[in-house]
Amino acid sequence: MTASDYRSRFTEWDRRSWVRSKPHRDSPFTAGGHFFSADLCPLSACPPVLAAPAGVRAAILVHSLYLHLEFTVQLEMGPVNEICALLRSPGFLPWLPAAMKDDVLRIYTDEAGHAEMSNTLKSAVMAETGVVPIEHRPRFLTELATLYSAELPAYRPLVKLFFAIVSETLITGTLTRLPKDPSVQPAVRELAQDHAADEGRHHAFFRQLFELLWPRMPLPLRRKIGALLPRVIHAFLWPDEPALTSVLRSMPGEFDDPVGIVAEMSASARTRDGVLRNATPTLRMLRDNGVFEDPPVSRAFLDAGLLR
């Protein structure tokens, strides 16, 4: 792909973007509706949780929604929009088509809207349920800080850039399956559906950005970044073990061994299969662009359980 091949997915942005054209959803909460899909909650399949009272299981689903919403706020306002601001800078990747740099501002606006919609829903759910969110720092932020600080300053913008590319090319079950789960509150499903519609355009943008950028990088740099990509994928898709442990600990008397429950969940085939399934769109992008043809990079993905 060359710069002249760029196809904007934002030509009808004013009409299709949630933040530009759609009203805030105001569907009321319904009696008996779940606040998250049990199929998407990694704790829900754990035997001690399955054996817990219905009220406890329902509260865990509320916490799962909180974790998802706070993840969204921190991701969109943090790494993604920080990279959008950097991409818009004339001095960063100056060879990018002008249309791409224009579209970055539209993505920036979308992402700020997603953060706001998520925060608003979180407040509404707190008022409705009385369940208090746990205090936590999303795991992906810790992983990004570790990767970022380990590199020389010259490489740090690229680390954050590929972190954003991965985040925007993953299409997780929360966006694809949550809107279709009739057991979940309509307000939650509607937010996920609105978010997913915008993210489809963002996925196309960042895939094209990758297709332009990867071939221009020298082989040593491709190997350096390629070896980091499995850790970046896991940063987003692996269950947030500290946060989930804190959720179980917030219910004293219900669970004797929160650390053990979460550790067993993380070691399960269900978790590994879920990570691989949700990574499929990004792995497909990497495969289509020859990333796995370089043995050191493919070995890193094999070691991480992301290639079979």
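In what follows, the structure referred to is the one given above.
Note that the structure is a prediction, hence the values are computed from the model and not measured.

Definitions and limits used
Residues numbered from 1 in each chain as written. Predicted model: local features only at pLDDT ≥ 70, side-chain atom pairs only at ≥ 80, totals over all residues. Heavy atoms only, no water. Axes fitted to C-alpha atoms, helices over the stretch in contact; angles between N-to-C directions. Helix = DSSP H or I, 4+ residues; strand = E, 2+ residues; numbered from the N terminus. Parallel < 35°, antiparallel > 145°, perpendicular 65-115°, else oblique. Left-handed = near helix turned anticlockwise from the far one by under 90°. Contact = heavy atoms within 4.5 Å. Nonpolar A, V, L, I, M, F, W, Y, C, P; charged D, E, K, R; others polar. Core = buried A, V, L, I, M, F, W, Y, C linked by side-chain atoms within 4.5 Å. Buried < 20%, exposed > 50% of the residue type's maximum accessible area, 1.4 Å probe, protein only.

Draft legend 1. View of the packing of helix α11 (residues 241-249) against helix α12 (residues 258-266). In contact at an axis separation of 9 Å, α11 and α12 are set at 140 degrees when each is read in the N-to-C sense. One element, α11, and the other, α12, form an angle in the oblique class. The handedness of the crossing between α11 and α12 is right-handed. The residues of α12 that touch α11, namely those facing Glu241, Leu244, Thr245, Leu248 and Arg249, are Pro258, Val259, Ile261, Val262, Met265 and Ser266. For the contact of α11 with α12, the residue count by class is 7 nonpolar, 2 polar and 2 charged.

Draft legend 2. Region of interest: the nonpolar core. Grouped together as the largest cluster of nonpolar side chains are 57 residues, with contacts concentrated most on Leu87, Leu161, Phe162, Leu209 and Phe301. Secondary-structure elements contributing two or more residues to this core are α4 (54-88), α5 (98-129), α6 (139-150), α7 (156-169), α9 (186-213), α10 (219-237), α13 (269-288) and α14 (295-303). In terms of residue count, α10 provides more of this core than any other element does, 9 residues in total. Every residue in contact with Leu161, bar those within four places of it in the chain, is listed here: Ile83, Leu87, Phe92, Leu93, Leu209 and Leu213. Formed by 38 residues, the second largest nonpolar core is a distinct cluster that contains Phe36, Ala59, Met251 and Phe255.

Draft legend 3. Examining the environment of Asn289 more closely. Here Asn289 shows up in the loop between α13 and α14. With relative accessibility at 24%, the residue Asn289 sits in the partly exposed group. When the C-alpha positions of Asn289 and Pro215 are compared, they lie 8.4 Å apart, and in sequence the two are 74 residues distant. Once residues lying within four places of it in the same chain are set aside, the contact partners of Asn289 are Phe210, Glu211 and Trp214.

Without other data, these values stay purely geometric and don't point to any function.
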